[in-house]
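Analysis of the macromolecular model
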Amino acid sequence: MKVYFIGAGPGDPDLLTVKAANMLKECKICIYAGSLVSPDIISLINSDARKYDSAKMSLDETTEITQQANEDAIDVIRLHTGDPSIYGAISEQMNRFDKLDIEYEVVPGVSSFQAAAAALNAELTCPEVSQTVILTRTSGRTPMPDHQDIVTLAQSRSTLCLFLSIHKIGEVAKQLDKYYGQDCPVAVVYHASWPDQIIIKATIKDIESKIKDSGITKTAMVIVGRALDKPETESKLYDSHFTHGYRKGSSK
Ligand code: SAH
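Conventions and cut-offs
- Residues numbered from 1 in each chain as written.
- Predicted model: local features only at pLDDT ≥ 70, side-chain atom pairs only at ≥ 80, totals over all residues.
- Heavy atoms only, no water.
- Near = heavy atom within 4 Å.
- Polar contact = N/O pair within 3.5 Å; in protein donor to acceptor, adjacent residues only side chain to side chain.
- Areas by Shrake-Rupley, 256 points an atom, 1.4 Å probe, with all protein chains shown as cover.
- Nonpolar A, V, L, I, M, F, W, Y, C, P; charged D, E, K, R; others polar.
- Domains from an automatic or database assignment.
- Helix = DSSP H or I, 4+ residues; strand = E, 2+ residues; numbered from the N terminus.
- Buried < 20%, exposed > 50% of the residue type's maximum accessible area, 1.4 Å probe, protein only.
- Contact = heavy atoms within 4.5 Å.
- Buried area = accessible area lost by both parts, 1.4 Å probe.
- Salt bridge = Lys/Arg side-chain N within 4 Å of Asp/Glu carboxyl O.
- Phe/Tyr/Trp six-rings, centres within 6.5 Å; stacked < 30°, edge-to-face > 60°.
- Lys NZ or Arg CZ within 6 Å of the ring centre and 35° of its normal.
- Pairing = 2+ DSSP bridges.
- Axes fitted to C-alpha atoms, helices over the stretch in contact; angles between N-to-C directions.

Once that is clear, we can look at the site of the ligand. The local shell around the ligand holds 18 residues, among which I86, S111, S112, A192 and A220 are the closest. A192 is positioned with one of its backbone polar atoms (N or O) 2.8 Å from a nitrogen atom of the ligand. Protein contact buries 96% of the 550 Å² of open area that the ligand shows by itself. Across the shell around the ligand, the residue classes tally to eleven nonpolar, six polar and one charged. There are two domains that each give the shell around the ligand at least three residues, and those are domain 1 (2-107) and domain 2 (112-229).

Assignment of secondary structure puts L120 in the loop between α5 (112-119) and β6 (133-137). Residue class for L120 comes out buried when judged on its relative accessible area of 7%. Sequence separation of L120 and C161 is 41 residues, and the distance between their C-alpha atoms is 13 Å. Apart from residues lying up to four places away in sequence, L120 is in contact with A187, V189, I199, K201, I223 and K230.

This part is about the domain arrangement of the protein chain. Taken as a whole, the protein chain is organised into domain 1 (2-107) and domain 2 (112-229). The straight-line distance from the C-alpha centre of domain 1 to that of domain 2 is 28 Å. Note on domain 1 versus domain 2: buried area summed over both sides is about 810 Å², and carbon and sulfur give 72% of it. Among the residues domain 1 hides against domain 2, the three largest losses belong to P10, I86 and Y87. Together they make up 60% of the total. Seen at the junction of domain 1 and domain 2, the total is zero salt bridges. Scanning the region where domain 1 abuts domain 2 turns up four residue pairs in polar contact (both at pLDDT 80 or more). Partitioned by chemical class, the residues of the side of domain 1 that touches domain 2 number seven nonpolar, two polar and two charged.

Another aspect to go through is the packing of aromatic side chains. By the definition in use, this model includes four aromatic pairs. Judged by centre distance (6.1 Å) and plane angle (70°), the ring pair of F5 and Y104 falls under edge-to-face. Placement of F5 in strand β1 (residues 2-7) and of Y104 in strand β5 (residues 103-107) is noted, with a sequence separation of 99 residues between them. Overall, the relative accessible area of 0% leaves F5 in the buried class. Judged by its relative accessible area of 27%, Y104 is partly exposed. Seen in terms of ring centroids, F97 and Y104 are 6.4 Å apart; in terms of plane orientation they differ by 45°. Their pairing is tilted. Sitting over the ring of Y87, R137 keeps its end group 5.9 Å from the ring centre.

Time to look at the sheet that holds β6. The mixed open sheet is built from five strands, whose spatial order is β6-β7-β10-β8-β9. Looking at strand neighbours, the two that pair on one side only are β6 and β9 (198-203), the edges of this open sheet. Adjacent strand axes in the sheet meet at a mean angle of 20° when their direction is disregarded. Relative to strand β10 (residues 220-224), strand β7 (residues 159-163) runs antiparallel, the two sharing three bridges. Within the sheet, the bridge partner assigned to L160 lies in β10 and is V224. Docked against the sheet, α5 engages β6, β7, β8 (185-190), β9 and β10, running at close to 65° with respect to β10.

Here is the structure:
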């Protein structure tokens, strides 16, 4: 018996890995994060499987179901949105399973920050502008650890991908202003890859009012940084004067 933590991807079933899609088709017990996993993906779970929506359950309850499945020697699929390694709360489950001697394995998924970047046709890294991408969030009921608050991170001027933060967009914009500047691009993608996806492009100056007008309050990715401007700097990799292992320099 094994627990499979599966990444459901951002929403579009075509963005599931082949492995995940096959496992959903075959599974017998599935505990899914109903508040975030798209209905299109939930509909792919074997119709004969026992399904549990973890949004309505505690860790004790999901552990109990898994423990019973272990006794019955039936594999369990634990379906998480995006990639399970990011805000997936999988470590706490693994800690329980370690104590219970239950085996587990992770099947990665496309994260929402990647789906949002794709929706924007954006490259998050750009030569001479941003060579670092930070995946972070603002504090909510979960406080930010020391030295990881958004103002500290902002000093690097990296591209920021903010999860779980859309409801605090005004506060975030104010905090980023000093390091990124009022005209720095901010993009918000609501329900990236879902049929009702919405894209809002703005700057630090006007993002708060644009989001207020849009009515978006959750399930959105916020991306901030000058890489979104598509600056004209070109990478060395494709520069004709730059040689590397796969290409000799041009004679021009
Ligand atoms: N493991 C997930 C993140 C879970 S935390 C992943 O890798 O994407 C939940 C947050 O992820 C949401 O508040 C939102 O910020 C973001 N999110 C999840 N799905 C999204 C989607 N389809 N579009 C935009 N943001 C999404």
